[in-house]
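Structure assessment
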Amino acid sequence: MSRPWHALSVENATAELNSRLSGLEPEEAGLRLESYGRNELQRVAGPSAARILIRQLQNYLVLVLLAAAAISWISDEKTNALVVLGILIFISILGFVQEYRAERAMDALRKMVAPEADVIRAGRMITVDARDLVPGDIIYVEAGDLVPADARIIESATLETVEASLTGESAPLGKGTAPLAAATPLAERKNMLYLGTMVSCGNGRALVTATGRETELGRISGLIQQSEDEPPLKIRLEHLAKQLAVLVLVAASTVFLIQVARGYPILDTLIIAAALAVAGIPESLPFVVTLALAYGTQMMAGKGAIVRRLQAVETLGSTTVICTDKTGTLTRGEMTVREIKTKDRVEVTGSGYEPVGSFHRGGKEIDPSADQSLMATIETAVLCNNSDLEQGAEGWRVAGDPTEGALIVMAAKSGLLENVRDNHVEVMEFPFSSDMMRMTTLHRGPYAMRVSMKGAVETVLDRCSGILGTDGLRPLNQVDRESIVQAAEEMSGRALRVLAFAYKEQSADEPRERGHMERDLIFTGLVGMMDPPRQEAASAIRVCQAAGIRPVMITGDHRLTAGAIARELGISDGQVIDGSDLDRMSDEELYQRVREVSAFARATAEHKVRIVGALKRWGHIVAMTGDGVNDAPALRASDIGVAMGRTGTDVSKEASDMIITDDNFATIVAAVEEGRRIYENIRKACSYLLSCTFAEVMVILVAVLAGLPVPLLALQILWINVVAEDFPAIGLAVEPARKDIMKARPRNPSEPLLSRSLLIYTLGVSSAIFLGSLGLFLHGCYIGDSLGYARTEAFASLGVAVMYNAYSSRSLHLSILHMNPRQNKKLLAGILASGLAVLAVIYLPVLQPIFETVPLSAESWIQIAATTSIVVIAAEVLKRILPGL
């Protein structure tokens, strides 16, 4: 086909599909069903539960621990082996629960396909399973129907559809049959119906042009499948795990070879290597990271943000760009009258559907009923209207068309609504249509019949011969017409949707045919309305910008509307790139332009994915907010997708990582702050755990290389790593955010989990722990009468060092002297529990033979407490001298 469907006439489109207005014959429909396939979206099976479980065992750290367990078992250290295996099972279950997320985005898309469709076949209207529709079928749709396939309209009777979920356009779109230009954007194709959209008014017939995967919805389905990236935190943790695994294997292999070369028995050497492997693995790290993320999700839920994937919490905290949809996200999603132009300009205050506001002229509040032209405009808006205003449990809502609803809200603000309705009875109506571009009603009033009209400016003006001016009613002249058109263009330039209003009175016996009624009307005024920005969105955007986060607006709405909203919210200076511009741009051109442009209009699903991709090429961590089907691919392609809970479609929610329950952009800012807190806590916890891990490795490695006995046994190391370290780590995971956390610039997205400064800090603290533990081991060997006493001293010194290090790790910036101990009582409880765990192993008779420990003297405890305090000293010095911790 040389031209798109919307550019073809009805006759050419029908001929192209070898169809006819009487519909396909059943036999032909059957053949086409075999050829094109069923009208359903492709099913893509997600990973099975078994596959997710196997994936947990593909972690480098897990493989090292498996090897250590196998070595322990071979060496007849079955208790060690069982403990290690128990830890592995625990870690694997945690990972499995975290990753086990059903991939339901495709199921949600399939639910959007209408279950049944009215179709004309062989000249008869029948109802069929929507999955059996084929290109060439003639379908019938009416108000309330879900469109069952993409189709070219061939008949239209006041047909309107709501396509916000597909295009981002919030207002109903009038439909017709006239061919359009080939380059017409998706949001402006008035002669097409699209799968999954809703018919809001009228009825019509349409020629099916695409089904299943070939529809616009099907193409979006494909984009969702193609867009799946690993979360940044997961990548960093896997990289860290790989580095640790290599380090442990090198250290264990070195010790094994040296000991074998010295003539030690192979089994004894394997036990030492296994202990070294266990020492080098921070077994608590996956648990602590998961805990920090899970606790963060609870905090976010209390603020209106539901996290669907744990890794998204950290990712949001490191966000550098937030790509946000306009409709319902930055704006209220509720059309609101902002301005009325009669003989002069009148501003209308208030926002959304709540009927609270006032009318202002020249900065002064006025009474609408005291102004003839203003009152006539409001009366006409009420009479030429089929919508109503309702108050429910969740606030005010409009029953009917959003544009007409905005006019009803305007009338309610004026106080004229009920009076106008009570004094007029509708006699007849000529409904609005995209072809006529106007709506006309006839009412019986208290003194005469009243004709009321609203519609496009030029259409209404062409039917007017009078105007209500400053001196009352007078003839409408050419100067008036030009002035009105100019005013309408100026209002449109400010992204207002403009409607013109006119009326006349006629006697009861005058003709009631349309040609007579729509002649010699009296022009009353223009009304400009828009979907206004949320008040809280503006302040939230300012907070984002102060935090170094760049907001980018991507909408399916018109360029003028996008530019006006972006300027009003402070997102951009008015520069806007629209869909036609994007179509002409190569990926490289877009890559360059996204650095300077922060507003995009008439964007399709493919455009949004390209924009997100271009931003990610610059190294940004991109969050994408949205509520429509057209947002779903970009939500999935971004580093974190944020769907709207109230207005969001099932598809956008299933494609997202997080859902904002109140549809409030400001909630995202709170989530960003929480994400930053969580990431800082994860970094602190990693440093805390690894400093002890590195110290254990160094203690064993140096002792063995020096020809000394192994200072720590595998079970002792496991008790420190899994029990004693865990309790304080829980407290670190929930450490409150520092006060200036949202004044800091986003961290470099390419920065590793342990930055250079943090790695130096970790190694410095680790060296202090190592020196204290090895020194006390040597001291124990000197004063003690057994190797067990020396090992117990080394074990106890590690336990005390863990407690010192935990409290010092609360902040990588503040001295412990400036930390408020009451601010984190969970950490204090964790430190106490850690101390009790160490004492239990040393003094409980039931545990002493398992861990091969002996009671220590009071003198030894004093020496341990004093020696390990160098950990605090080292931390204090490093905090002062290391920048960028």
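Our structure's up above, just so we're on the same page.
Everything quoted here is computed from the prediction, not taken from an experiment. (Residues numbered from 1 in each chain as written. Predicted model: local features only at pLDDT ≥ 70, side-chain atom pairs only at ≥ 80, totals over all residues. Heavy atoms only, no water.)

Here the structure, examined in full by the defined rule, presents 2 aromatic pairs. Measuring from centroid to centroid gives 4.2 Å for Tyr591 and Trp618, while their planes differ by 10°, and the two rings are stacked. Note that Tyr591 is positioned in helix 22 (residues 587-593) and Trp618 in the loop between helix 23 (605-617) and strand 26 (622-626), a separation of 27 residues in sequence. In this structure Tyr591 comes out as buried when scored by relative accessible area, which is 13%. For Trp618, a relative accessible area of 28% gives the class partly exposed. Seen from the ring of Trp618, Arg595 lies directly overhead, with NZ or CZ sitting 4.1 Å from the centre. Above the ring of Tyr591, the side-chain terminus of Arg617 is found at 3.8 Å from the ring centroid. (Phe/Tyr/Trp six-rings, centres within 6.5 Å; stacked < 30°, edge-to-face > 60°. Helix = DSSP H or I, 4+ residues; strand = E, 2+ residues; numbered from the N terminus. Buried < 20%, exposed > 50% of the residue type's maximum accessible area, 1.4 Å probe, protein only. Lys NZ or Arg CZ within 6 Å of the ring centre and 35° of its normal.)

Right, let's talk about the side chain of Asp581 for a bit. Along the chain, Asp581 falls in helix 21 (residues 579-584). If we ignore the near neighbours within four places in the chain, the residues touching Asp581 are Arg559 and Val576. (Contact = heavy atoms within 4.5 Å.)

Its location among the elements puts Leu635 in helix 24 (residues 632-637). Put simply, Leu635 and Gln823 are 188 residues apart on the chain and 37 Å apart in space, counted from C-alpha to C-alpha.

Quick look at the sheet that holds strand 28 (residues 658-660) now. Strand order in the open sheet formed by 8 strands is 8-28-27-26-9-23-25-24, and the pairing between neighbours is mixed. Each edge of the open sheet is held by one strand with a lone partner, namely strand 8 (305-307) and strand 24 (577-578). Sheet analysis places strand 24 next to strand 25 (residues 599-601), joined by 2 bridges and oriented parallel. Residue pairing across strands places Asp578 opposite Ala601, the latter belonging to strand 25. (Pairing = 2+ DSSP bridges.)

This brings us to the environment of Leu389. Among the secondary structure elements, Leu389 is positioned in strand 14 (residues 388-392). The exposure class assigned to Leu389 is buried, which follows from its relative accessible area of 15%. With 296 residues separating them along the chain, Leu389 and Ala685 place their C-alpha atoms 54 Å apart.

Next up on the list: a nonpolar patch on the surface. A cluster of nonpolar side chains, namely Leu63, Leu66, Trp73, Leu82 and Leu85, defines an oily patch on the protein surface of about 460 Å² accessible area. For the nonpolar patch, the secondary structure elements donating two or more residues are helix 4 (60-74) and helix 5 (78-99). Per-element accounting of the nonpolar patch gives the leading share, 3 residues, to helix 4. Position of Leu66 among the secondary structure elements: in helix 4. (Patch = residues over 30% accessible without salt bridge, like charges linked within 9 Å, V, L, I, M, F, W, Y side chains within 5 Å. Areas by Shrake-Rupley, 256 points an atom, 1.4 Å probe, with all protein chains shown as cover. Salt bridge = Lys/Arg side-chain N within 4 Å of Asp/Glu carboxyl O.)

This next bit is on the nonpolar core. Of all hydrophobic cores here, the largest spans 151 residues; its most connected members are Leu526, Met658, Phe665 and Tyr761. No other element matches helix 26 (residues 665-705), which puts 21 residues into this core. Not counting the four nearest positions on each side in its chain, Tyr761 is found in contact with Ser687, Ser808, Leu812, Ala875, Leu878, Lys879, Leu882 and Leu885. The next biggest cluster of nonpolar side chains, apart from the first, holds 28 residues, and it includes Leu383, Ile408, Leu417 and Val420. (Core = buried A, V, L, I, M, F, W, Y, C linked by side-chain atoms within 4.5 Å.)

Looking now at helix 26. Between the first and last C-alpha of helix 26 there are 59 Å, a value that for 41 residues agrees with the 60 Å anticipated at 1.5 Å per step. Directly after helix 26, the chain includes Gly707, whose backbone phi takes a positive value near 80°. (Expected span 1.5 Å × (residues − 1).)

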